Amino acid sequence: MILNLGDICHIAEQHEMALAAFNVPSLEALRAVLDAAEETGYPVIIQHAECHEEMVPLRVMGPAMVALAECSSAQVCVHLDHCEHLSYMREALELGFSGAMFDGSMLPYEKNVELSAYAAEMCAPYNCGLECELGSMGAREGGDDAQNPAAQAMYTNPELVSDFVAATGLDILACSFGTVHGLYRGEPKLSIEILNQIRERVHIPLVMHGGSGVSDDDYRRAIEAGIRKINYYTYGVKYAAEAVLSLVDSARTAGTTLYWHDMTGAAYERMRQDAVRVMTVFANGAAPVC
């Protein structure tokens, strides 16, 4: 069952939990996430990021995401992640996506507002919820150098939030408060105070990007401060790769024949197990809601 981004995040708001938002640039990842959602009973967000276009085109992965979400018993939002070109967003809207993120975080504030507001106008006729980002996490989605000092984060300025939300018409807000994309080289240092100041000014669902690699305790603190969507990708696919490598090593040691479907099956199962764990942690003690 497909739900609008705003609607599914308000379910999370009502239950004081966060939804797991998984990038799914393969059929194995897509199946793993939807199967985990059906198993746990929690709503879920499946995502395609613009930076994954070279890995798998939106025209290929998008229809599969929409089709499997429609026939799933879980509550699912099909979401476009980190879109920097509005023409790309138009393509996702035409495919039936129910959520989209316009990422103008690297632009000057005025330009971010202008294009985010235009994105909201684009989404409205499609009943598609909009996520925008204020503040920059530095390292971009898809990177593996999360602590690169050359890509410094610029935390969200709480003083700008009220005007940004009002001027853009967004449904949910992505904040920069200490997480980064990619693999962490050290322990993340989150500024929960930034989230608290934002919630004092606007009571809308907030989003954590760079969510994989964060401790369960930090997840809990962020959720209690208003985070309702947590993006999760890098560590999940890392674990899947480790499962495949382990399978290959075992086959070599035993001298047995290994087939491609054995490897995709191992990746699927590891991602499914991790998705179940992540959804349960992000639920923050809430009972299944679907």
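If you're wondering where the values come from, they're calculated on a predicted model, not measured in any experiment. (Residues numbered from 1 in each chain as written. Predicted model: local features only at pLDDT ≥ 70, side-chain atom pairs only at ≥ 80, totals over all residues. Heavy atoms only, no water.)

A. Local environment of empty space enclosed by the protein. Across all of its chains, the model carries two cavities of 30 Å³ or more by this definition. Taken as a whole, the largest cavity spans an internal volume of roughly 110 Å³. Lining the largest cavity are F22, N23, V24, A29, V33, Y232, Y233, G236, V237, M271, D274 and A275. The element contributing the most residues to the lining of the largest cavity is helix α10 (residues 260–282), with three residues. (1 Å grid on protein atoms, 1.4 Å probe; cavity = no way out; pocket = protein on both sides within 12 Å on 5 of 7 lines; lining within 4 Å. Points joined across faces, edges and corners; volume = space filled by probe spheres on them. Helix = DSSP H or I, 4+ residues; strand = E, 2+ residues; numbered from the N terminus.)

B. Structural view of the sheet that holds strand β7 (residues 206–208). The eight strands lie next to each other as β1-β2-β3-β4-β5-β6-β7-β8, forming a closed barrel whose pairing is parallel. Direction aside, neighbouring strands of the sheet carry axes that sit 25° apart on average. By the bridge criterion, three bridges tie β7 to strand β8 (residues 227–232) in an arrangement that is parallel. The residue bridging L206 from the neighbouring strand is I227, located in β8. (Pairing = 2+ DSSP bridges. Axes fitted to C-alpha atoms, helices over the stretch in contact; angles between N-to-C directions.)

C. Layout of the packing of aromatic side chains. Enumeration over the complete set of coordinates arrives at four aromatic pairs. Consider the rings of F22 and Y232, whose centres lie 5.9 Å apart with planes at 75°: the pair is edge-to-face. A residue pair is termed long-range when its members are at least 10 positions apart, and F22 in strand β1 (residues 19–23) and Y232 in strand β8 qualify at 210 residues. On the basis of an interplanar angle of 70° and a centroid distance of 6.4 Å, the ring pair of Y235 and Y239 is categorised as edge-to-face. (Phe/Tyr/Trp six-rings, centres within 6.5 Å; stacked < 30°, edge-to-face > 60°.)

D. Up close: the state of the cysteines. Taken as a whole, this structure holds zero disulfides when the rule is applied. Between C77, a cysteine without a disulfide, and C9, which holds the nearest cysteine sulfur, the sulfur-to-sulfur distance is 7.1 Å. No disulfide involves C128; its sulfur sits 4.1 Å from that of C123, the nearest cysteine. Residue class for C128 comes out buried when judged on its relative accessible area of 6%. (Disulfide = S-S within 2.5 Å. Buried < 20%, exposed > 50% of the residue type's maximum accessible area, 1.4 Å probe, protein only.)

E. Layout of the pairing of strand β5 (residues 129–134). Taking burial as the measure, the six residues of β5 include six buried ones, the bulk of the element. Neither face of β5 is exposed, since G129, E131 and E133 on one face and L130, C132 and L134 on the opposite face are all buried. When strand β4 (residues 99–102) meets β5, the two strands line up parallel, connected through four bridges. The residue of β5 that forms the bridge with A100 is L130. Between the parallel elements β4 and β5, the chain passes through helix α5 (residues 109–123) in a crossover that is right-handed. Relative to strand β6 (residues 172–175), β5 runs parallel, the two sharing four bridges. (Right-handed = clockwise from strand over helix to strand, strands pointing away.)

F. View of the confidence of the model for the protein. For the protein, per-residue confidence averages 92 on the pLDDT scale, and 91% of positions sit at 70 or higher. Of the regions scoring below 50 in pLDDT, residues 143–151 engages in 19 contacts with residues more than four places distant in sequence or in other chains. (pLDDT = per-residue confidence, 0-100. Contact = heavy atoms within 4.5 Å.)

G. Helix α4 (residues 86–95), seen in detail. Among the residues of α4, those classed as buried are L86, Y88, M89, A92 and L93. In an axial view of α4, the angular spread of the buried residues amounts to 150°, which keeps them on one side of the axis. Summarising the geometry of α4, the exposed residues directed more than 90 degrees from the buried face are S87 and E94. Check the buried side of α4 and you find it contacts β2 (44–49), α3 (58–70), β3 (76–83), β4, α5 and β5. In the stretch just after α4, G96 is the one whose phi turns positive, near 105°. (Arc of directions from axis to C-beta.)

H. Focus on α3. Counted at 1.5 Å a residue, the expected span for α3 with its 13 residues is 18 Å, and the 17 Å between its end C-alpha atoms agrees. Of all the residues in α3, the buried ones are L58, M61, G62, M65, V66 and A69. One face of α3 carries all of its buried residues, which in axial projection span an arc of 130°. Residues of α3 that are buried sit in contact with α2 (27–40), β2, β3 and α4. (Expected span 1.5 Å × (residues − 1).)

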